[in-house]
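# Fold and geometry: a report
Chain by chain, the residues:
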Amino acid sequence: MSTHGTANDAPIGVFDSGVGGLTVARAIRDLLPGESMIYVGDTAHTPYGPRPIAEVRRFSLEILDGLVDQGVKMLVIACNTASAAMLRDAHERYDVPVVEVIGPTVRSAMSITRNGRVGLIGTQTTIQSRVYDDLFSMRPEISLSTQACPRFVELVESGQTSGSEVLEIAREYLSGLVEHDIDTLVLGCTHYPFLRGAIGQVVGADVALVSSDIETAREVYRVLTERDLLRDPAAGEPSLRYEATGADTAKFVELARRMLGIGIESVDLLHTGAIQLPQ
Ligand code: DGL
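Since this is a predicted model, take the numbers as computed values, not measurements.

### Some remarks on the pattern of salt bridges
- This model, assessed by the stated rule, comprises 16 salt bridges.
- Ionic pairing is found between E243 and R241, a salt bridge with its closest N-O pair at 2.8 Å.
- According to the relative accessible area criterion, E243 is buried, its value standing at 2%.
- A salt bridge links D268 to R241; its shortest N-O distance comes to 3.4 Å. Of the two residues, D268 sits in strand β10 (residues 268–269) while R241 sits in strand β9 (residues 240–244), which places them 27 residues apart along the sequence.
- Judged by its relative accessible area of 29%, D268 falls in the partly exposed class.
- Accessibility expressed as a relative area gives 37% for R241, which makes it partly exposed.
- Here the salt bridges do not stand alone but share partners, grouping R107, E219, R222 and E226 into one network.

What follows is the structure in structure tokens.
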């Protein structure tokens, strides 16, 4: 029998470039409502998508190191772009378990596709990294068609998730994938679940949408259970803390409230000295 100590009470650290990772945080809350969480949005540097992979990696490492310094018991990289940049060594760098979004999402898409034609949409950096292609290549009978959707993150971060302009942009990005007769579409960016309506309308009801939020939350559940790291519900109310690196924390609060219905009371401004960009 194990003794539940401070490690079990410690929060889970969740990180994204902005509000996208809140879709993952929400899914974790749904499965594990007793867990405490610290969520960091690197809003000073969002979007990550058009940035060189080395730069995304540098920003991500600083935020993850900071979360470890705050004593989290697990790191969740709730960002495909950051996961792509760190997939190979994030697990070795930290003593706490690291869950990223790409592995669980790929496994789910592999089990869902019936005709072996899978589509992937993501940021430019995620698509160019070819990390998804590498993982899917383990199943050579699956053919993967990819499409970068650079404007999607911009739309979400400005709170625009419906309307004719969103549909028009979605059609522009997705029509090529539809022509490939895909039966499964991977939403390879944690911002995209906010655009599920428009994406689903364009690709049609026969295409299964696989998104990183739910698959990642299931992985968090599995890892915490297997390592006996679940928080004891008798320990009292869990704490939820939000931090952002960009000065406009009010915008973060407003977006989270509008898009997720999460009532965040405050967001702390996180100072990340080394990762400030030159003005
Ligand atoms: N939500 C992130 C992702 O999954 C980052 C998007 C961005 O900042 O460009 O890729």
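Now that the structure is up, let's keep going.
### Some remarks on the packing of helix α2 (residues 22–31) against helix α12 (residues 212–226)
- Where α2 contacts α12, the axes come no closer than 8 Å and their chain directions differ by 50°. Considering their axes alone, α2 and α12 lie oblique with respect to each other. For α2 against α12, the interelement crossing comes out right-handed. Every residue of α12 that contacts α2 at T23, V24, A27, I28 and L31 is listed here: D213, I214, T216, A217, R218, V220 and Y221.
- A per-class count over the contact of α2 with α12 returns eight nonpolar, two polar and two charged.

### Some details on the pairing of strand β8 (residues 208–211)
- As paired strands, strand β7 (residues 184–188) and β8 are joined by four bridges and run parallel to one another. The residue bridging L187 from the neighbouring strand is S211, located in β8.
- A crossover links β7 with its parallel partner β8, the connecting element being helix α11 (residues 196–203), and its sense is right-handed.

### Observations concerning the nonpolar core
- Counting residues in hydrophobic clusters, the biggest one holds 56 residues, and the most contacted among them are I28, I121, F152, L174, L185 and I199.
- Sort the elements by how many residues they give to this core and helix α10 (residues 164–179) lands first, with seven residues.
- With residues near it in sequence (within four places) discarded, L185 still touches G119, L120, I121, L174, L177, I199, V203, V207, A208, L209 and V210.
- The next biggest cluster of nonpolar side chains, apart from the first, holds 22 residues, and it includes V56, F59, I63 and L64.

### What to know about the side chain of H45
- Within the secondary structure, H45 is located in the loop between β2 (37–41) and α3 (53–69).
- By relative accessible area, which is 1% here, H45 ends up buried.

### Re the site of the ligand
- Among the 14 residues in the neighbourhood of the ligand, the closest are listed as S17, Y48, G49, T81 and H191.
- Residue T190 places a side-chain N or O atom 2.9 Å away from a nitrogen atom belonging to the ligand.
- In the environment of the ligand, a nitrogen atom lies 2.6 Å from a nitrogen or oxygen atom belonging to the side chain of H191.
- Surface burial for the ligand is 100%, taken as the share of its 300 Å² of free accessible area covered by protein chains.

### Considering the sheet that holds strand β4 (residues 98–100)
- In space, the six strands of this open sheet follow the order β4-β3-β1-β2-β9-β10, with parallel pairing throughout. Unpaired on one side and paired on the other, β4 and β10 mark the two borders of the sheet.
- When strand β3 (residues 74–77) meets β4, the two strands line up parallel, connected through three bridges. When the bridges of β4 are listed, L75 appears paired with V98.
- Sheet strands touched by α2: β1 (12–16), β2, β3 and β9. Its angle to β2, the strand with the most contacts, is close to 170°.

Conventions adopted
Position numbers for residues start from 1 in each chain and track the written sequence from start to end. Only residues with pLDDT of 70 or above have their local features reported here, since the model is predicted, and side-chain atom pairs are shown and tallied only from 80 upward, although totals for entire chains, interfaces and linings are computed over all residues. Calculation of side-chain values draws on the structure's entire complement of heavy atoms; hydrogens and water are dropped beforehand. Whenever Lys or Arg places a side-chain nitrogen within 4 Å of a carboxyl oxygen from Asp or Glu, that contact is recorded as a salt bridge. Each residue gets one of three labels from its accessible area relative to the maximum for its type: buried under 20%, exposed over 50%, partly exposed in between, using a 1.4 Å probe on protein chains only. Runs of E in the DSSP output that reach at least two residues are strands. Runs of H or I that reach at least four are helices, and both are numbered from the N terminus. Where helices are involved, their axes are fitted lines through C-alpha atoms of the stretch in contact, as for all axes, and angles between N-to-C directions lie from 0 to 180°. Small angles under 35 degrees read as roughly parallel and large ones over 145 as roughly antiparallel, with 65 to 115 read as roughly perpendicular and the rest as oblique. Working rule for handedness: look at the near helix, and if it is turned counterclockwise from the far one by less than a right angle, call the crossing left-handed; if clockwise, right-handed. Residue contacts follow a heavy-atom distance rule, with two residues in contact if any of their heavy atoms lie within 4.5 Å. Three classes are used, and their members are as follows: Ala, Val, Leu, Ile, Met, Phe, Trp, Tyr, Cys and Pro are nonpolar, Asp, Glu, Lys and Arg are charged, and the others, Gly among them, are polar. Any two strands with at least two DSSP-identified bridges between them are counted as paired. Every crossover in which the path from the first strand over the helix to the second runs clockwise, viewed with the strands pointing away from the viewer, is termed right-handed. Here the nonpolar core consists of buried residues drawn from Ala, Val, Leu, Ile, Met, Phe, Trp, Tyr and Cys, with membership extended through side-chain atoms lying within 4.5 Å. If a single non-hydrogen atom of a residue is within 4 Å of a molecule or strand, that residue counts as near it. N or O atoms closer than or at 3.5 Å make up a polar contact, with two conditions inside protein: a donor-capable atom paired with an acceptor-capable one, and, for residues adjacent in sequence, both atoms drawn from side chains. Residue-level accessible areas treat just the shown protein chains as cover; the underlying method is Shrake-Rupley with a 1.4 Å probe.

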